[in-house]
Amino acid sequence: MKGFEFLIKERENKPRDIGMTMVLDKGLGYESAKSLMEISADYVDYLKFGWGTSVIQDENIIKAKVEMYKDFQIIPYTGGTLFELAYMNNNVDLFFKRANELGFEAIEISNGSTDLSYADKIEYIKQAKDLGFHVLSEVGKKNPALDKDIGLEERVKYMNEELKAGSSKVIVEAREGGKNIGIFDKSGNAKADEVDYILDNISDKNKIIWEAPQKDQQVYFVLNLGSDVSLGNISTEDIISLETIRQGLRGDTLGKLD
Amino acid sequence: MKGFEFLIKERENKPRDIGMTMVLDKGLGYESAKSLMEISADYVDYLKFGWGTSVIQDENIIKAKVEMYKDFQIIPYTGGTLFELAYMNNNVDLFFKRANELGFEAIEISNGSTDLSYADKIEYIKQAKDLGFHVLSEVGKKNPALDKDIGLEERVKYMNEELKAGSSKVIVEAREGGKNIGIFDKSGNAKADEVDYILDNISDKNKIIWEAPQKDQQVYFVLNLGSDVSLGNISTEDIISLETIRQGLRGDTLGKLD
Amino acid sequence: MKGFEFLIKERENKPRDIGMTMVLDKGLGYESAKSLMEISADYVDYLKFGWGTSVIQDENIIKAKVEMYKDFQIIPYTGGTLFELAYMNNNVDLFFKRANELGFEAIEISNGSTDLSYADKIEYIKQAKDLGFHVLSEVGKKNPALDKDIGLEERVKYMNEELKAGSSKVIVEAREGGKNIGIFDKSGNAKADEVDYILDNISDKNKIIWEAPQKDQQVYFVLNLGSDVSLGNISTEDIISLETIRQGLRGDTLGKLD
C-alpha cells in the first residue's frame, strides 16, 4: 500500500503503453540504483544507459543492473549514441551480439551524432527488430546547428517511417540539458506550435517519448498533453517528482488536471 | 570525534531551537538516505517529505525512513501541499490519522496551492496541535503571480497569527528553485529590505525558517543574519556544505563571521 | 572486462600522470561513495574532501572513506581551504598531524581565501613535502574581485614556483560553480587566450589540473587540449560522463578526437 492511497490519481499500471517514464542512468552504482528503484520503480518504464556510458562500465555491474531493472519490470536499454559508435566502427553486428550477452532486450537506434542516412537507419531498425530486440528510435541531431536544419515536416516524416519500420517508440531529442535543441528554445521553453504540428501529423501520438529533462518542461507537457504523456531523460533524482506532477500532487499541477 | 575538532566553531547541539536546518527529501531510497544521515545527521533538524511525494511511496519505506530519521534525532514531517491535497478532497481527518499511522509526529500546514482562507488555516493549525502534532506552517503562494499579491505587511501579520495559533516555526516560501518567489527576485537574489521588514515585525525572529535552496542564498543569510539563522529546502547534497558555511569553513564565509 | 571493449579508446592506466580526473566529495556517505567507486574508480585519480567539509565529518567515516578510496588506487586529499583555516588559527602543525592520523597522504596548499603571502605558501609547500605529503597547490582567489587582481603573468609565475617547490600538481581555481572566476567568464565560458598563455608559459603542461565543474567546460578542454588533459572539481555524478567525453563516447566529442 502507498503512503496516502486516498489521494492517488488513478493511473495505468505497468506494463503500460501510455504515460511512460524513461529515466537516464549516467552511471549509477549498483547499490544506489537498487535503493532508488525500491522506492520508485512503479514510476519507471524505460531505463536508458545514456550514450556510451555502458562502454566503460564493468560488464558484471552492467549485467547486475540490467537484471535488477528487469526484476522491477523496467525495460533497460542502450542509448542511441552507443549504436552510432558501433556503426562508425563498422561493428554493428558485434554491438547487437554484445548487447544481448549483457542482458539488454531493448536498444535505441539514432543518427544524432553521425551522418548515418535515414534510409540506412530504417534498415538497422528492421534488422534489430528481426533479431528480437525491442527498438526505440530517436529523431534529432545533438549539434543544435545541425538539428535546426531538420524541417518540421521532415522530422515527422522520419518519425512515422521509423514507427512503420518497427520502432516501439520514437523519441524527440532534447539531450541531458534540454536547451536550444529540438522543440526547446534557448531558455528551455517548449515551442508550442512545433509540438502541435508533430501531434497533428504523427501516425500515433502514444508512440512519442518527449525528452523533457527540466521540471518546467515536464509541467508543460503534463498540463498541455495530459498525465499520460510519455516523457524521457528524467534524471534519477526526479522520478518521484515527475509522478507527483502527473498525478496533480505538486503545486504546479495541483487542481489543474482533469 | 569530528575530523578536525580544533577548527570547529561552537554551535548549539541538537535538539536546538536556533540555527536549524530543514532538508528536502524528494524521494530518497532508504539505503541512500541512511548512508547520508550517517555522515550528516548532526546538521539536520527537520526532514521534509516534499509536497505530495509521500502519497505515492510505499508505506513500508516511508515508515522505515521516518523511524530512521527519528533515530538520528531529526523531526520528519509531511510537506504542506500534502495537507492541502487532503483539504481539497475533504479528507483532512483521514490525513491526520494516516500521518500518525506512518509515524509522523510533525506536519506542515500551508495554503500555497489552494484558496484555503487564512482564518481556516489558523483553525487547522490549532486542530493539528490539539491532536498532538508538532506544527510548522508556511506563508506564501507557489504561483509567483499570486504570491506577489500578498503584501509584506499582510505576510508578517499571517506569520504572527500562525505562531500565536501554535505553529512551532513559520516557513517563508521559496520552493525547490528559489527564484522569482517570496523574498527572492528573478535571479534568486534576496530582497534585503523585505527580509529586514519581516525581521522588524515578527514576534520572534527565531521562529522563522527561510527557504534558501541555493548556495548564494544560504551565504546571504548566514552573512547577514548569522550562523544561527534557520534555513530550509536544503538539498540532500548540500547538508554538509551548509554547515561549513555556517561555521566559516568555506571560502564564502571564512573569516567573515563573528 | 568492460561493457563494450571494442569501442574503448586506449587510455593510460592508473596510476598515471596525464589525463587525470580529480573529483569533489562534498560529503558523501560511506555506502554511497563505495557504490559509486565500484562503478567508476578506474576513472578517478584524485578525490578531494572539499574545503572544510572534513572538519565536521565523523573521524571514523573519514578514515573509512580515505581507506576505501586508497583501496581503489585513488589519492584522497584535503581541500586547500582546510589548510588555510589551520593557517589562520596558527594550527598548521596540528593540521599536518591530524591529516596524517586520518590517513591522508596528500594535501592541498592554497591561499584562495586568506592573505597568506606567496612566499610563505612556498615554505608551507616545502614543509608539507618534507613531512612526506604528496602536495597539490592551487592558484587563484575564491573572491572574483580579488581573483581578477592577479595578472596572468603573475599567475603563471606562482604556478611555476610552486611546482619547483615540490607541488605534484598545480590547480587552476574555478570553485564548485565554474563561473566568473579564473579562466572562466560570467557565463562559464573559457577564455581561450588566457588558457593559451598559461600553456605557453608553464614549465610542464602535464602538471596542471584545470578545475572544470561544468560539462561544457570539460568538452572545451578535451576538444582543445586533448583526452589527456587533467581536470578537477568533477562532481560525483559526472565521473562516467567525463570519461565518455575523453574517449569520444558522447555526442559532444564523438568523431572529433584524434
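What counts and what doesn't
Residues numbered from 1 in each chain as written. Chains lettered and ligands numbered in written order. Predicted model: local features only at pLDDT ≥ 70, side-chain atom pairs only at ≥ 80, totals over all residues. Heavy atoms only, no water. Least-squares fit on C-alpha atoms with pLDDT ≥ 70 in both. Contact = heavy atoms within 4.5 Å. Pairing = 2+ DSSP bridges. Helix = DSSP H or I, 4+ residues; strand = E, 2+ residues; numbered from the N terminus. Axes fitted to C-alpha atoms, helices over the stretch in contact; angles between N-to-C directions. Buried < 20%, exposed > 50% of the residue type's maximum accessible area, 1.4 Å probe, protein only. Core = buried A, V, L, I, M, F, W, Y, C linked by side-chain atoms within 4.5 Å. Salt bridge = Lys/Arg side-chain N within 4 Å of Asp/Glu carboxyl O. Buried area = accessible area lost by both parts, 1.4 Å probe. Polar contact = N/O pair within 3.5 Å; in protein donor to acceptor, adjacent residues only side chain to side chain. Nonpolar A, V, L, I, M, F, W, Y, C, P; charged D, E, K, R; others polar. Phe/Tyr/Trp six-rings, centres within 6.5 Å; stacked < 30°, edge-to-face > 60°.

### Here we look at the relation of the copies chain C and chain A
In step 1: Taken as rigid bodies, chain C and chain A are interconverted by a rotation of 120° and an axial shift of 0.0 Å, the fit giving an RMSD of 0.0 Å. On this basis, the relationship between the two copies can be described by a three-fold rotation axis. Among all C-alpha atoms of chain C, that of S32 of chain C lies closest to the rotation axis, at 3.8 Å.
In step 2: In this assembly the copies use different faces: only 7% of the residues contributing to the interface of chain C also contribute to that of chain A.

### With respect to the sheet that holds strand β6 (residues 169-172) of chain A
Residue and element names in this part refer to chain A.
In step 1: The strand order β1-β2-β3-β4-β5-β6-β7-β8 describes a closed barrel built from eight strands, whose pairing is parallel. The mean angle between the axes of side-by-side strands here comes to 30°, regardless of whether they run parallel or antiparallel.
In step 2: As paired strands, strand β3 (residues 75-78) and strand β4 (residues 106-110) are joined by two bridges and run parallel to one another. Among the inter-strand pairings, T78 is bridged to a residue of β4, identified as I107.
In step 3: Helix α5 (residues 118-130) contacts β4 and β5 (134-139) of the sheet and is inclined by roughly 165° relative to β5.

### A look at unusual backbone geometry
In step 1: Note that the residue after K14 of chain A, namely P15 of chain A, is joined by a cis bond; omega there is -10°.
In step 2: By secondary structure assignment, the location of P15 of chain A is in the segment before β1 (21-25).
In step 3: Not every positive phi belongs to a glycine, and N90 of chain B is a case in point at roughly 55°.
In step 4: The topology assignment puts N90 of chain B in the loop between α3 (80-88) and α4 (92-101).
In step 5: Of the residues examined, N90 of chain B reaches a relative accessible area of 71% and is grouped as exposed.

### Some thoughts on the nonpolar core
In step 1: Counting residues in each nonpolar core, the largest one holds 212 residues, and the members touching the most others are M37 and W210 of chain A, M37 and W210 of chain B together with M37, W210 and F221 of chain C.
In step 2: Not counting residues within four places of it along the chain, the set of residues in contact with W210 of chain C comprises V172, I183, V195, I198, L199, F221, L225, V229, S230, L231 and G232 of chain C.

### Observations regarding the pattern of salt bridges
In step 1: Enumeration over the complete set of coordinates arrives at 75 salt bridges over all chains.
In step 2: Of the charged contacts, one joins R11 of chain A and D228 of chain A as a salt bridge, the two residues approaching to 3.4 Å between their closest N and O atoms. Of the two residues, R11 of chain A is situated in the segment before β1 and D228 of chain A in the loop between α9 (215-225) and β8 (231-235); the sequence distance between them amounts to 217 residues.
In step 3: The class for R11 of chain A is buried, based on a relative accessible area of 12%.
In step 4: The shortest N-O distance in the salt bridge between E211 of chain B and K48 of chain B comes to 3.2 Å. Linking E211 of chain B in strand β7 (residues 208-211) with K48 of chain B in strand β2 (residues 46-49), this pair joins segments that are 163 residues apart in sequence.

### Focus: the interface of chain C and chain A
In step 1: Facing 28 residues of chain C, the contacting portion of chain A comprises 38 residues.
In step 2: Summed over both sides, the interface of chain C with chain A buries roughly 2,700 Å², with 63% coming from carbon and sulfur.
In step 3: Considering only the surface of chain C that becomes buried against chain A, F4, F6 and I39 of chain C emerge as the three largest contributors, covering 25% of it.
In step 4: Here chain C is connected to chain A by three salt bridges.
In step 5: Among the ionic pairs, R175 of chain A bridges to D252 of chain C, the shortest N-O distance being 2.7 Å.
In step 6: Inspection of the region where chain C meets chain A yields 14 residue pairs in polar contact (both at pLDDT 80 or more).
In step 7: Per element, the largest residue contribution to the side of chain C that touches chain A is five residues, and it comes from helix α1 (residues 30-40) of chain C.
In step 8: Classifying every residue of the side of chain C that touches chain A gives eleven nonpolar, nine polar and eight charged.

### Focus on the sheet that holds strand β3 (residues 75-78) of chain C
In sheet architecture, strand pairing relies on hydrogen bonds along the backbone and comes in two forms, parallel and antiparallel.
Residue and element names in this part refer to chain C.
In step 1: Around the barrel, which closes on itself, the eight strands sit in the order β1-β2-β3-β4-β5-β6-β7-β8 with parallel pairing between neighbours. Between one strand axis and the next, the sheet turns by 30° as a mean value, whatever way the strands run.
In step 2: Sheet topology note: the strand β1 (residues 21-25)/strand β2 (residues 46-49) ladder contains four bridges and is parallel. When the sheet's bridge partners are listed, D25 is paired in β2 with F49.
In step 3: On top of the sheet, helix α7 (residues 152-165) reaches β5 (134-139), β6 (169-172) and β7 (208-211); it is set at about 170° to β5, its chief contact.
In step 4: Against the sheet, helix α10 (residues 239-246) contacts β1 and β8 (231-235), and its axis sits at roughly 135° relative to β8.

### Observations concerning the relation of the copies chain C and chain B
In step 1: In the superposition of chain C on chain B (RMSD 0.0 Å, axial shift 0.0 Å), the rotation amounts to 120°.
In step 2: Of all interface residues in chain C, a mere 5% are interface residues in chain B too; the two copies therefore contact each other through different surfaces.

### A closer look at the packing of aromatic side chains
Two aromatic rings, taken as a pair, are described by how far apart their centres are and by the angle between their planes.
In step 1: One pass over the structure, following the stated rule, counts 42 aromatic pairs over all chains.
In step 2: Ring geometry for F96 of chain A versus F133 of chain A: centroids 5.7 Å apart, planes at 35°, classification tilted. Taken together, the positions of F96 of chain A in helix α4 (residues 92-101) and F133 of chain A in the loop between α5 and β5 put the pair 37 residues apart, joining distant regions of the chain. Across this residue pair, the class does not change: F96 of chain A and F133 of chain A are buried.
In step 3: Considering the side-chain rings of F4 of chain B and F95 of chain C, the 5.9 Å spacing of their centres and the 35° angle between planes classify their relative orientation as tilted. Separated into two different chains, F4 of chain B in the segment before β1 (21-25) and F95 of chain C in helix α4 (residues 92-101) make up a pair that spans both.
In step 4: A relative accessible area of 0% means that F4 of chain B is categorised as buried.

### Notes on the side chain of D45 of chain B
Residues and elements named next belong to chain B.
In step 1: Relative to the helices and strands, D45 resides in the loop between α1 (30-40) and β2.
In step 2: Among the polar contacts made by the side chain of D45, one reaches the side chain of R16 at a distance of 2.9 Å.
In step 3: Residues in contact with D45, not counting those within four places in the same chain, are K14, R16, G19, M20, T21, I74 and I75.

### Some words on the environment of G232 of chain A
All names here are of chain A.
In step 1: Relative to the elements of secondary structure, G232 occurs in strand β8.
In step 2: In this structure G232 comes out as buried when scored by relative accessible area, which is 0%.
In step 3: Ignoring anything within four residues of it in the chain, the contact list for G232 reads M22, I209, W210, E211, A212 and P213.

### Side note on the interface of chain C and chain B
In step 1: On the chain B side, the residues contacting the 38 residues of chain C number 28 residues.
In step 2: Between chain C and chain B, a total of about 2,700 Å² is buried, with carbon and sulfur atoms accounting for 63% of that surface.
In step 3: Linking chain C with chain B are three salt bridges, by the criterion used here.
In step 4: For the salt bridge of D238 of chain B with K26 of chain C, the shortest nitrogen-to-oxygen distance reads 2.8 Å.
In step 5: For the side of chain C that touches chain B, the secondary structure elements donating two or more residues are α1, α2 (59-71), α3 (80-88) and α4 of chain C.
In step 6: For the side of chain C that touches chain B, the leading source of residues is α3 of chain C, giving five residues.

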